[in-house]
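Each chain, written out:
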Amino acid sequence: TAPASEVAVAGELRRVASAGHGLGVALHRLHADDPADADDAGQIVMWLTLAAAAMDHLVDDGRVEPSAMRRFVSPAAVLTALRGGPPVELPGHDWLGRLLALGLDRLRARLARRDDAFQSELAAEVEVCLREMVTAQLYSDELTIAPWSDLAIVRTRLRAVNALTAWLAAYVGLSGRDRPPPATVAAARRAATLVGDIGWALDALSDIHVDLDHRLWNLAWLELAEATGPDAPWLVDPDGRPDLALAALHGAGVVGRILARIGQQILELERDNAFGGRGAELAQLCRYMVWAFLNAPEPP
């Protein structure tokens, strides 16, 4: 009996949850064989990814004013909660605070398992990731498609949310364990970077029309602007005609290039021997993500 819009949001959140949990588990399994510990890492990533998706949903659908979201779900509030302080609370949307608490409480417990230099380094990296991710998320509404946009800044802020989510997952998987060899940490970061870029691209491709309707930058529209320049008709048209933008996107071959890049990145994960062939499991997860985000439902 739920409205179609709510059914669509629920489906998207399930896909996000599944991908987040799978990412945490797969990155953990690159360097360890502990199913329970891998599941714990997966749940942390899942809850935090869901919280980020929920913030997007509330702001994009006009449920919460961006200024209110920034006031209550600030980087300082999130980091205070991670350190054991008061939980994050958004008036009228207690469930968002619960999503954050489920992730942050587990993360705090995981980081407290050991007290050594490596865990301190990881905790510092985790806090940097969370601070930058939350900041980018809170100000994503300001990334409005316009010819005067600084595309370098747009790219940096868009990438922060997506790439750092995967880096956070890699750090969660490494936490609570002995310091691994430097090559293992470097390989885990590289794998996380590839997965983060794949997730960023898939999110953009799945939201091409939605983001155009809201006049918001995503990777596809950003790469089109980089290819066509700031004076392209689709970008300067005052009426914001979507037919001009979609025709320009098709004509520039942006989608094809993004898909080809995703394919190359999956192959790199699959063929990386740094983890004794376990990159193939991560590559398989990315193939699932391609299907989950880009598989259009059959029309009724």
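Residues numbered from 1 in each chain as written. Predicted model: local features only at pLDDT ≥ 70, side-chain atom pairs only at ≥ 80, totals over all residues. Heavy atoms only, no water.

1. Looking at unusual backbone geometry
Residue Arg215 is not a glycine yet carries a positive backbone phi of 55°. Checked against the element boundaries, Arg215 lands in the loop between α9 (208–213) and α10 (219–228). (Helix = DSSP H or I, 4+ residues; strand = E, 2+ residues; numbered from the N terminus.)

2. Quick look at the environment of Leu224
Along the chain, the position of Leu224 falls in helix α10. Expressed as a C-alpha distance, the spacing of Leu224 and Val254, which sit 30 residues apart in the sequence, is 6.3 Å. For Leu224, the contacting residues outside a window of four places in its chain are Trp234, Ala245, Ala248, Leu249, Ala252 and Val254. (Contact = heavy atoms within 4.5 Å.)

3. Quick look at the nonpolar core
Inside soluble globular proteins, nonpolar side chains tend to come together where they are buried. Leu27, Trp217, Trp221, Trp234, Leu269 and Leu282 are the most contacted members of the largest nonpolar core, which totals 50 residues. No other element matches the 12 residues that helix α8 (residues 182–206) contributes to this core. Apart from residues lying up to four places away in sequence, Leu269 is in contact with Ala191, Leu194, Val195, Ile198, Gly279, Ala280, Leu282, Ala283 and Cys286. In terms of nonpolar packing, the next biggest core, distinct from the first, is built from 45 residues, Leu58, Leu90, Ala136 and Leu174 among them. (Core = buried A, V, L, I, M, F, W, Y, C linked by side-chain atoms within 4.5 Å. Buried < 20%, exposed > 50% of the residue type's maximum accessible area, 1.4 Å probe, protein only.)

4. Quick look at the packing of helix α1 (residues 4–29) against helix α14 (residues 279–294)
Helix-helix packing is characterised by the crossing angle of the two axes and by the distance between the axes. It is at 10 Å that the axes of α1 and α14 come closest, and there the two elements cross at 170°. Taken together, the axes of α1 and α14 lie roughly antiparallel to each other. Here Arg15, Ser18, Ala19, Gly22, Leu23, Ala26, Leu27 and Arg29 of α1 come into contact with α14, specifically with Glu281, Leu282, Leu285, Tyr288, Met289, Ala292 and Phe293. Residues that form the contact of α1 with α14 fall into these classes: 10 nonpolar, 2 polar and 3 charged. (Axes fitted to C-alpha atoms, helices over the stretch in contact; angles between N-to-C directions. Parallel < 35°, antiparallel > 145°, perpendicular 65-115°, else oblique. Nonpolar A, V, L, I, M, F, W, Y, C, P; charged D, E, K, R; others polar.)

5. A short note on the packing of α10 against helix α13 (residues 254–271)
Packing of α10 against α13 brings their axes to within 10 Å, and their N-to-C directions diverge by 120°. One way to sum up the angle between α10 and α13 is to call them oblique. In this structure, α10 meets α13 at a crossing whose hand is right-handed. Between α10, through Leu219, Ala220, Glu223, Leu224 and Ala227, and α13, the contact on the second element is made entirely by Val254, Arg257, Ile258 and Arg261. For the contact of α10 with α13, the per-class residue count stands at 6 nonpolar, no polar and 3 charged. (Left-handed = near helix turned anticlockwise from the far one by under 90°.)

6. Points about the pattern of salt bridges
Side-chain pairs of opposite charge can arise whenever the charged atoms involved come near each other. In the structure shown here, the tally under the stated rule is 23 salt bridges. Notably, a salt bridge pairs Arg114 with Asp116, separated by 3.3 Å at the nearest N-O pair. Sharing partners across several salt bridges, the network here consists of Asp37, Asp40, Arg106, Arg110, Arg113 and Arg177. (Salt bridge = Lys/Arg side-chain N within 4 Å of Asp/Glu carboxyl O.)

7. Topic: the packing of aromatic side chains
Per the counting criterion, the structure on display carries 3 aromatic pairs. Their ring planes at 35° and their centres at 5.7 Å tell us that Trp221 and Trp234 sit as a pair that is tilted. Taken as a pair, Trp221 in helix α10 and Trp234 in helix α11 (residues 233–236) lie far apart in primary sequence, 13 residues in all. A residue is classified by how much of its surface remains accessible, and Trp221, at 0% relative accessible area, is buried. (Phe/Tyr/Trp six-rings, centres within 6.5 Å; stacked < 30°, edge-to-face > 60°.)

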